[in-house]
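Listed below are the residues making up each chain.
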Amino acid sequence: MRLSQARALLARALTATASSAHEDVTRRTEASRQEAHETLAAAERGEFDKVVKDRYSRDVSLLTRGERLGGTRFLLAGMDCDLAAGVRQRPVHVVAGRSLVVWEMEFLNPADDPDHCPPGVAWIMTLDGGRVDRISLYHSPRTQPKSAPAEAG
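Residues numbered from 1 in each chain as written. Predicted model: local features only at pLDDT ≥ 70, side-chain atom pairs only at ≥ 80, totals over all residues. Heavy atoms only, no water.

Chemist: Even after reading the chapter, I still don't get the pattern of salt bridges, so can you show me in this structure?
Modeler: Pairing between side chains becomes possible if they bear opposite charge and their charged atoms approach one another. In the structure shown here, the tally under the stated rule is six salt bridges. In this structure, the salt-bridge partner of Glu38 is Arg55, at a minimum N-O distance of 3.2 Å. On the criterion of sequence distance, the pair formed by Glu38 in helix H1 (residues 2-44) and Arg55 in helix H2 (residues 48-55) is long-range, its members being 17 residues apart. Glu38 sits in the partly exposed class, given a relative accessible area of 36%. (Salt bridge = Lys/Arg side-chain N within 4 Å of Asp/Glu carboxyl O. Helix = DSSP H or I, 4+ residues; strand = E, 2+ residues; numbered from the N terminus. Buried < 20%, exposed > 50% of the residue type's maximum accessible area, 1.4 Å probe, protein only.)

Take a look at the structure:
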C-alpha cells in the first residue's frame, strides 16, 4: 500500500515538474514562431534589413554545409535575390530554446520557375545574448522524379 502511494506521489511530482519545464520551451517556441512569421513578412515588405539590425548580431555568420558564406551583406543579398525571383518561405516547424532556434521553412517557388529552390530549408540559429549570431542553412534535397517504367517490347 505504501509503495503504491509513493509511486502515485512520485508520478504527480514528476508530472508537475515536467509541465513547468516544458512551459518555458513552449513559450519560447510560440514566440519564435511569431518571430518567424514577422521576419518573413518584413522581408516581403523590403524591411529584412531592419529585422537583421534589430535581432541579429553585427557579426552574424551565415553558413551552409558547415562553411561560412558571409555575414550580414550576404544574408540580406540572399533574401533579396529569392524575393526578386518570386520565392517565398513559409514556416512549417519551429523549436526554440535559450541559445538555439530552429525554423523549418517550406519554399514557395513561383509558378513559372517551380524548381528555383529546393522544397525547404532549416534555419538553425545560435543565439548570443538573445541575438542571432550564427545561422546555418540546411536545404532539403530535391525529390527526383520517378522514372517511367520501360515499355515491354
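Chemist: Explanation requested: the layout of surface pockets in the structure shown.
Modeler: If you roll a probe as big as a water molecule over the atoms, it shows you where there is empty space left. In this structure, the largest pocket encloses a volume near 440 Å³. Residue lining of the largest pocket: 17 residues in total, with Leu62, Leu69, Asp82, Leu137 and His139 positioned closest to the centre. Residue assignment for the lining of the largest pocket shows that the elements contributing at least two residues are strand S1 (56-64), helix H3 (72-84), strand S5 (120-128) and strand S6 (131-139). In terms of residue count, H3 provides more of the lining of the largest pocket than any other element does, five residues in total. Each residue belonging to the lining of the largest pocket can be placed in one class, and the counts come to eleven nonpolar, four polar and two charged. Reported here for the second largest pocket is a volume of approximately 210 Å³. What lines the second largest pocket is a set of 14 residues, among which Ser32, Glu35, Val101, Leu127 and Gly130 lie closest to the centre. Elements that contribute at least two residues to the lining of the second largest pocket include exactly H1, strand S4 (100-108), S5 and S6. (1 Å grid on protein atoms, 1.4 Å probe; cavity = no way out; pocket = protein on both sides within 12 Å on 5 of 7 lines; lining within 4 Å. Points joined across faces, edges and corners; volume = space filled by probe spheres on them. Nonpolar A, V, L, I, M, F, W, Y, C, P; charged D, E, K, R; others polar.)

Chemist: What's the story with the environment of Arg68 in this structure? I'm lost.
Modeler: Within the secondary structure, Arg68 is located in strand S2 (residues 67-70). Arg68 sits in the exposed class, given a relative accessible area of 53%. With 67 residues separating them along the chain, Arg68 and Ile135 place their C-alpha atoms 9.5 Å apart. Ignoring anything within four residues of it in the chain, the contact list for Arg68 reads Val60, Ser61, Leu62 and Leu63. A distance of 3.0 Å separates polar atoms of two side chains, one belonging to Arg68 and the other to Ser61. (Contact = heavy atoms within 4.5 Å. Polar contact = N/O pair within 3.5 Å; in protein donor to acceptor, adjacent residues only side chain to side chain.)

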